[in-house]
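# Secondary and tertiary structure notes
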Protein chains: 4
Amino acid sequence: MKKEFDVKDLNLAEQGRWRIEWALKEMPVIRSMMDRFHKERPLDGVKLSGCLHITSETANLARALQTAGADFVLTASNPLSTQDDVAAALVSAFEIPVYAIKGEDTATYYQHLNAALDHRPNITMDDGADLVSLLHKERSAQLPDIIGGTEETTTGVIRLRAMAAKGALKFPVIAVNDADTKHLFDNRYGTGQSTLDGIIRATNILIAGKVFVVAGYGWCSRGIAMRARGLGANVIVTEIDPLKALEAVMDGFRVMPMNEAAPQADFICSATGDKNVIDKHHFEIMKDGCCVSNSGHFNVEINIPALEAMAVEKRQPRAFVDEYQLADGRIIRLLGEGRLINLAAAEGHPAAVMDMSFANQAMSAVYMFANGKNLDNQVYSVPKEIDQEIARFKLESMGIKIDTLTPEQETYLNSWEEGT
Amino acid sequence: MKKEFDVKDLNLAEQGRWRIEWALKEMPVIRSMMDRFHKERPLDGVKLSGCLHITSETANLARALQTAGADFVLTASNPLSTQDDVAAALVSAFEIPVYAIKGEDTATYYQHLNAALDHRPNITMDDGADLVSLLHKERSAQLPDIIGGTEETTTGVIRLRAMAAKGALKFPVIAVNDADTKHLFDNRYGTGQSTLDGIIRATNILIAGKVFVVAGYGWCSRGIAMRARGLGANVIVTEIDPLKALEAVMDGFRVMPMNEAAPQADFICSATGDKNVIDKHHFEIMKDGCCVSNSGHFNVEINIPALEAMAVEKRQPRAFVDEYQLADGRIIRLLGEGRLINLAAAEGHPAAVMDMSFANQAMSAVYMFANGKNLDNQVYSVPKEIDQEIARFKLESMGIKIDTLTPEQETYLNSWEEGT
Amino acid sequence: MKKEFDVKDLNLAEQGRWRIEWALKEMPVIRSMMDRFHKERPLDGVKLSGCLHITSETANLARALQTAGADFVLTASNPLSTQDDVAAALVSAFEIPVYAIKGEDTATYYQHLNAALDHRPNITMDDGADLVSLLHKERSAQLPDIIGGTEETTTGVIRLRAMAAKGALKFPVIAVNDADTKHLFDNRYGTGQSTLDGIIRATNILIAGKVFVVAGYGWCSRGIAMRARGLGANVIVTEIDPLKALEAVMDGFRVMPMNEAAPQADFICSATGDKNVIDKHHFEIMKDGCCVSNSGHFNVEINIPALEAMAVEKRQPRAFVDEYQLADGRIIRLLGEGRLINLAAAEGHPAAVMDMSFANQAMSAVYMFANGKNLDNQVYSVPKEIDQEIARFKLESMGIKIDTLTPEQETYLNSWEEGT
Amino acid sequence: MKKEFDVKDLNLAEQGRWRIEWALKEMPVIRSMMDRFHKERPLDGVKLSGCLHITSETANLARALQTAGADFVLTASNPLSTQDDVAAALVSAFEIPVYAIKGEDTATYYQHLNAALDHRPNITMDDGADLVSLLHKERSAQLPDIIGGTEETTTGVIRLRAMAAKGALKFPVIAVNDADTKHLFDNRYGTGQSTLDGIIRATNILIAGKVFVVAGYGWCSRGIAMRARGLGANVIVTEIDPLKALEAVMDGFRVMPMNEAAPQADFICSATGDKNVIDKHHFEIMKDGCCVSNSGHFNVEINIPALEAMAVEKRQPRAFVDEYQLADGRIIRLLGEGRLINLAAAEGHPAAVMDMSFANQAMSAVYMFANGKNLDNQVYSVPKEIDQEIARFKLESMGIKIDTLTPEQETYLNSWEEGT
């Protein structure tokens, strides 16, 4: 008997399937994991509900969990990111129930969340803590079924930690974002490439020889700075943390306050996590034609309301470019409406980046199933061994071998660490 | 009285105008030139016919020539590259007659060429020598009107040189492609960025950590190698010229024959100007999933017929990607059907690159008008002073000042060169 | 009355003074600190004994402590690194008692250590925990005088942590090596530059186009890889940690086991902290002429005894290069006798790197004086504020300003972190 | 019977021999050439006189010529660069007569030049045109013996071209400096590495994070800029040629006039070929502690007399560093007395660079012997085939293979070039 589901149109399944297969090619870690899961079936008999962006990469995570023996259902963590063809393919080609329709209204969204919990999961998999919230607020009767959960995002983790701090969290959750194989790679390499990709798609401007200002020198912004330099730009970094600022200097970048950088900039891209990093007084001193974009959290990094108020005219000469003409004639170009430019004008993280992120999800679910009973109702980091194993899988998938310690070397290291 | 023209739809003019204005922002050299032309009117009274790709950048060249006083008409050098909205805007917003409709048939194409010559030009501006050919072959009666011409492409120049060698060329032509401000910049920086842009748009694959093979180490391929490295790839170069190969080695790249490089490659991009650089015996040894693309002349660099013959199945998982499945199960991905990937999957050269190229066109036309009578019926390089002046304009437009020799330094240099 | 001392020759003082002043120019953080210490005298009345390498940089640390009001004496932490002219200048130009003579024997070494403790310090400053050891083992009567200590090296910290774990440590110690302004900078930038400097001084071989193998991808080895690439080498990284290996891949380096890398290498440099990383079976497969060096801890990283045993002849064609001829005719070149190549063949860390390290020492001493009474007898990290302040001093010294959070931004960040 | 010679001390031969062997290891092209010359003896019976710097690299050129069958004698082109141990080894180990003593006076210098011509050469090999000059001015009776000559330096070539222009040159000369395998490699890679090497040896200052100004963007200065960036500097370029300036901008460097760059600089290095590039008005605006050096021709690039005049005090804190204290207290540091810093403070070009340069010398001598009778009394470039062959030898010596054109590709290229 076929399970229930709610997707837009099953006729889209064929197209969705090709996209899922394309993504799988770029997800070698998930592929390796599927090989192992096929033999070991480490989630045999577990009921698992996921609330994630319904994309071709997520589809492959779903397939991996299915291969591991899990009875898995999926709902959307964001009504806008659902790929309807992928949802259709999951249902009809892979028999994984999905509740997600792109652009669904709020009522449908919650109906779908509830459908995912009607599955009576033992493990939850969240991207924003929505399943966990709903379970704790409205469906606490189900809590005894739950062994534990996993959470993809920083935002979700903050919410869960607040709950744990008050003793309100009723089962353990693993914070996937903390894994080195996640944040060291998707922020630096994923955001780096896709941000420049978004900017070039939006503008088709030659980067070489341009002054490119990056706000921040955290992992994301350092990825952006590295790639802008790699495309020939002269990069300026702004920071508030003197240590990071100093690293930027030692890496050969110019560092200065934004009000000195802005008048020189051909491009400014903010990735700080804070608001109004590019503010009214910066617009006032920018060069004519400066391209402003955001690659941080949310679209608050750029003070768009101030720009709107300053403008005497606004037009869209290209998709993803709004030109704001100021009273003095200068034009400021806002890319992608100030939303994350790699999502707005390009395609977000490449599959290879999601591969490691989702491998952490899958391995964390397996770990939770095996060890959840012994964990406290806290937020846990991904165990170091999982991180190492994922890195190892990834290297193998690239055909790369590395050294191992000889017994003699191991002894030496240990003795030295013991100080003898 | 309005002049004649033949474009698709004048209603497209408004959209075309914005695109022309956007491009002008990125064409500061043409802008500077327009300022000067406005004062000096160096082409006053000259009749000029251009046969060029009808794009927003060409539109700005046309405006510059108009500002210089030229009576200018424009026809398309390629039926496929015409931007109909730009053509419409040229006619209705700038009163420049255009004969070009995207996708026009061969008969119309020649009718348009003839219309451009009905203008009875004194100077021709070619991108492939079509106007010059037609004049010599079918409209030689007009030859006495002609002072000279300019030619944009290498292909055209080869044809013209062959004519000149046989004494068949009846007026002087300046080869714009030879200018340093053209070939040093569009090949290296333009092709470099736009090739990677095309590959990323086609595949959305993370470049960092991938093995990227570039065939060739000429200006184009060195631009590609530089940008692939700048995006985190491990780059291998193949060459047939030992000197260029050695430069690639000294620049830190690995160099090896294609049959050693192909089995390691995640990406192979050819930019050599020769045929079958990526051939049947290379497909036979590639890794599963290898992405093959071309950024050289024409689509002969990749032996596509061989690939077609080897494939047991072919499908298109993404736009601009054809997957060829071979009998042994491996998949080879051909990007952009083997055509220039920066045109097929991205937007070709950024405007800033065309800016310098077209500035050479405009300045060469001015030079031809002033000096054509004294030139032989040969192919000439762009005069060094024009190259220098364009570079100077470009630097000024970027707000960059440079040093000048003091009289003392000039004396020293001269005395030293004289060996005294 | 002049204090006691034991240095080689006071006549060397003039020369030593110039070297101290040269170093001070490159130690802007220490200079800034001296300005502040001059006003605030935060160590007024404190007796301080230091056991450090007696170099021109250490001399400036001593001057800073003196300016802060400390009554400071200095003994050598290593009999070989003492710069006799600097020792003389400290005594005669700056009136800081020093007990150190280059090449002194073990008896003198201990006599000097005891002299430094005869000073009856309140705070100790160690580079290898020798003062702390002597105090605990032989001079425990003095322990009540001690407020606390600081320790420069990882080796010392390991020893101290072992003592603390057993409850044997009788006063608190700050581990200076943990400071970000120390290990992020001296390992990456200091070791990176000085290692390549040492290799080039030893060999004068052109790095561009060579295959350069770096063992390890920790902070030191990553600095070496970065600089080798910056000099045009094609860099291969070997690792045992899959995560670091993966980072190296994503940074565009080739990664493979040493037994695959060794046969390709023109240079191999090890910086892992482990022994026999370059071992007998690697020598057996190296190319003729391969240059082997060490930039890690101690000279155990290269299995020199094995190399000695394999060699049929040994000679020294240049200073710091030993050529070992093997039975099959191949020559292996060992640089700097396998000792840290940046010390053996170059001058160790540049002063700018020691500047931040010693600023941590000085600030930690001040912190210890102010807070030591409230600390447990444990090993402490350098307080985050000190790290930040040193980075800030350093930026100021370079004339670099950075942004500060607006109140609005601070509020936003806090609210977000609180999850509201 | 032993030939004549004049060297300092034959007892130095053993040490000289090791240095010659070391250099030979790094001169694979000369080694390959020796193998071929051994079989083919292309200079059998030719008398050849060389006037070159007497270094270990030159010694290997001499051995190669000897192997080719030449009867070769050697005199010094510069009295200061002679390595006396190498001279001794050439005489006693290799039986090549040498007339050169380090520091010899002018009379001895000319006596040695004459001794080299007493050898009655058929071919001359010059580094500054001294043999050619002497032959034309004082020993014209010998001119009929001469088939032709080779010349290493630009300075020499300028002198020879002036002679040729006046019809005064009496035999053909090949200008070795024009070869791509010479100037593309020694200027860019050789000067690049050795200049930074010289600066670091002189100062031991950390380059990372420093502002490094390079005057010029020719081959030498571009090598310097590339290496300074590779060591982590923030590089500014100054230029007088707008085209080169534009290339520097597109390569991501900042470009500005020297009077804007000087106040920001931690380092300034000039490599322009002109005088007073770093002048009085630049010293006036430099930061305290700025390190000024020269890597161009001669020591005129820096206006040292002006600096001397401005200084109130001068001292030498380190070898190769002169500190000039100005009236306002600022210190300007002049490195290596303004002479070429890579020679003054380091060891000049690595042997690998001289390898290709001297391979051009040897092959040009062979070419001259075979073809000199058919050449005019002009200055010739190195034939393209020699350039290609040397590059091929070099690649082979590195174990690097490259592709060759298939017949089909060759046909395609030719047909295309013919425009058919």
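Refer to the structure printed above.
Residues numbered from 1 in each chain as written. Chains lettered and ligands numbered in written order. Predicted model: local features only at pLDDT ≥ 70, side-chain atom pairs only at ≥ 80, totals over all residues. Heavy atoms only, no water.

Before going further, it helps to examine helix α16 (residues 384-397) of chain B. Residues and elements named next belong to chain B. Under the 1.5 Å per step criterion, the end-to-end length of α16 is 20 Å for 14 residues, consistent within 8% with the ideal 20 Å. All buried positions along α16 are accounted for by Ile386, Asp387, Gln388, Ile390, Ala391, Phe393, Lys394 and Leu395. Looking one or two residues past α16, Gly399 carries a phi angle of roughly 75°, positive in sign. (Helix = DSSP H or I, 4+ residues; strand = E, 2+ residues; numbered from the N terminus. Expected span 1.5 Å × (residues − 1). Buried < 20%, exposed > 50% of the residue type's maximum accessible area, 1.4 Å probe, protein only.)

Once that is clear, we can look at the relation of the copies chain B and chain C. Of the transformation placing chain B onto chain C, the axial shift is 0.0 Å and the rotation is 180°, giving an RMSD of 0.1 Å. The two molecules are tied by a two-fold rotation axis, judged by turn and shift. The position closest to the rotation axis in chain B is occupied by the C-alpha of B:Asn234, lying 4.9 Å away. A symmetric contact is evident, with 100% of the interface residues of chain B recurring at the interface of chain C. (Least-squares fit on C-alpha atoms with pLDDT ≥ 70 in both. Contact = heavy atoms within 4.5 Å.)

Before going further, it helps to examine the packing of helix α2 (residues 28-40) of chain B against helix α3 (residues 56-67) of chain B. Residue and element names in this part refer to chain B. Relative to each other, α2 and α3 sit at 15°, their axes nearing to 8 Å. The angle between α2 and α3 places the two elements in the roughly parallel class. In the crossing of α2 with α3, the sense of the turn from one axis to the other is left-handed. Listed contacts from α3 to Ile30, Met34, Phe37 and His38 of α2 are Asn60, Arg63, Ala64 and Thr67. (Axes fitted to C-alpha atoms, helices over the stretch in contact; angles between N-to-C directions. Parallel < 35°, antiparallel > 145°, perpendicular 65-115°, else oblique. Left-handed = near helix turned anticlockwise from the far one by under 90°.)

Let's shift gears to empty space enclosed by the protein. In total, this model carries two cavities of 30 Å³ or more according to the counting rule given. Of the volumes computed, that of the largest cavity is approximately 80 Å³. Of all the elements in the fold, those that place two or more residues in the lining of the largest cavity are α8 (180-203) of chain A together with α8 (180-203) of chain B. Of the residues belonging to the lining of the largest cavity, the class tally is six nonpolar, two polar and two charged. Size it by volume and the second largest cavity reaches roughly 70 Å³. Lining the second largest cavity are C:Gln193, C:Leu196, C:Asp197, C:Ile200, C:Leu231, D:Gln193, D:Leu196, D:Asp197, D:Ile200 and D:Leu231. Elements with a contribution of two residues or more to the lining of the second largest cavity: α8 (180-203) of chain C together with α8 (180-203) of chain D. When the residues that make up the lining of the second largest cavity are grouped by side-chain class, the tally is six nonpolar, two polar and two charged. (1 Å grid on protein atoms, 1.4 Å probe; cavity = no way out; pocket = protein on both sides within 12 Å on 5 of 7 lines; lining within 4 Å. Points joined across faces, edges and corners; volume = space filled by probe spheres on them. Nonpolar A, V, L, I, M, F, W, Y, C, P; charged D, E, K, R; others polar.)

Positionally, A:Arg318 belongs in strand β12 (residues 311-318). For A:Arg318, a relative accessible area of 18% translates into the label buried. Among all residues touching A:Arg318, those that are not within four sequence positions of it are A:Arg201, A:Ala202, A:Thr203, A:Asn204, B:Trp22 and B:Glu347.

All right, on to the pattern of salt bridges then. Residues and elements named next belong to chain D. Tallying each qualifying case throughout the model produces 110 salt bridges over all chains. Among the ionic pairs, Glu21 bridges to Arg63, the shortest N-O distance being 3.6 Å. Taken together, the residues span a long stretch of sequence, with Glu21 in helix α1 (residues 13-25) and Arg63 in helix α3 (residues 56-67) at a distance of 42 residues. Judged by relative accessible area, Glu21 falls into the partly exposed class, the value being 24%. The shortest N-O distance in the salt bridge between Lys287 and Asp266 comes to 3.0 Å. One end of the pair, Lys287, is in the loop between α12 (280-283) and β11 (291-294); the other, Asp266, is in the loop between α11 (258-261) and β10 (267-270), and 21 residues separate them in sequence. (Salt bridge = Lys/Arg side-chain N within 4 Å of Asp/Glu carboxyl O.)

Contacts between chain B and chain C engage twelve residues on the former and twelve residues on the latter. When chain B packs against chain C, the two sides together hide about 830 Å² of surface, and 56% of this comes from carbon and sulfur. Counting the surface chain B buries against chain C, the share from its top three residues, B:Asn234, B:Met250 and B:Arg254, is 47%. Where chain B packs against chain C, one counts zero salt bridges. Our count for the chain B to chain C interface comes out at two residue pairs in polar contact (both at pLDDT 80 or more). A per-class count over the side of chain B that touches chain C returns six nonpolar, four polar and two charged. (Buried area = accessible area lost by both parts, 1.4 Å probe. Polar contact = N/O pair within 3.5 Å; in protein donor to acceptor, adjacent residues only side chain to side chain.)

So, about the packing of aromatic side chains. Scanning all chains against the criterion turns up 16 aromatic pairs over all chains. Ring centres of B:Tyr217 and B:Phe253 lie 5.9 Å apart, and the angle between their planes is 65°; on these two criteria the pair is classed as edge-to-face. One end of the pair, B:Tyr217, is in the loop between β7 (211-215) and α9 (219-230); the other, B:Phe253, is in the loop between α10 (242-250) and β9 (254-255), and 36 residues separate them in sequence. Assigned by exposure class, B:Tyr217 and B:Phe253 land together as buried. When the centroid spacing of 5.4 Å and the interplanar angle of 85° are considered together, the rings of C:Tyr109 and C:Tyr110 count as edge-to-face. In this structure C:Tyr109 comes out as buried when scored by relative accessible area, which is 8%. For C:Tyr110, a relative accessible area of 42% gives the class partly exposed. Note that A:Arg222 overlies the ring of A:Trp219, its terminal NZ or CZ placed 5.3 Å from the centroid. (Phe/Tyr/Trp six-rings, centres within 6.5 Å; stacked < 30°, edge-to-face > 60°. Lys NZ or Arg CZ within 6 Å of the ring centre and 35° of its normal.)

With that settled, the discussion passes to unusual backbone geometry. One non-glycine residue with positive phi stands out, namely B:Asn204, at about 50°. Mapped onto the secondary structure, B:Asn204 falls in the loop between α8 and β7. Look at C:Ala129: it is not a glycine, yet its phi comes out positive at around 65°. The residue C:Ala129 is located in the loop between β4 (123-126) and α6 (130-137) in this model.

Strand pairing in a sheet is mediated by backbone hydrogen bonds. Such pairs are either parallel or antiparallel. What the eight strands build is an open sheet, ordered β9-β8-β7-β10-β11-β14-β13-β12 (chain A); its pairing is mixed. Edge positions in the sheet fall to β9 (254-255) and β12 of chain A, since each has one partner strand and no second. Both strand β11 (residues 291-294) of chain A and strand β14 (residues 331-335) of chain A contribute to a ladder of two bridges, which runs parallel. Note on β14(A): the bridge partner recorded for A:Cys291 is A:Arg333. Packing of helix α1 (residues 13-25) of chain B onto the sheet brings it into contact with β12, β13 (321-326) and β14 of chain A, and relative to β12(A) it is tilted by some 100°. (Pairing = 2+ DSSP bridges.)

With an RMSD of 0.2 Å, the operation that places chain C on chain A is a rotation of 180° combined with a shift of 0.0 Å along the axis. A high fraction, 98%, of the interface residues of chain C reappear at the interface in chain A, so the copies pair face to face through one surface.

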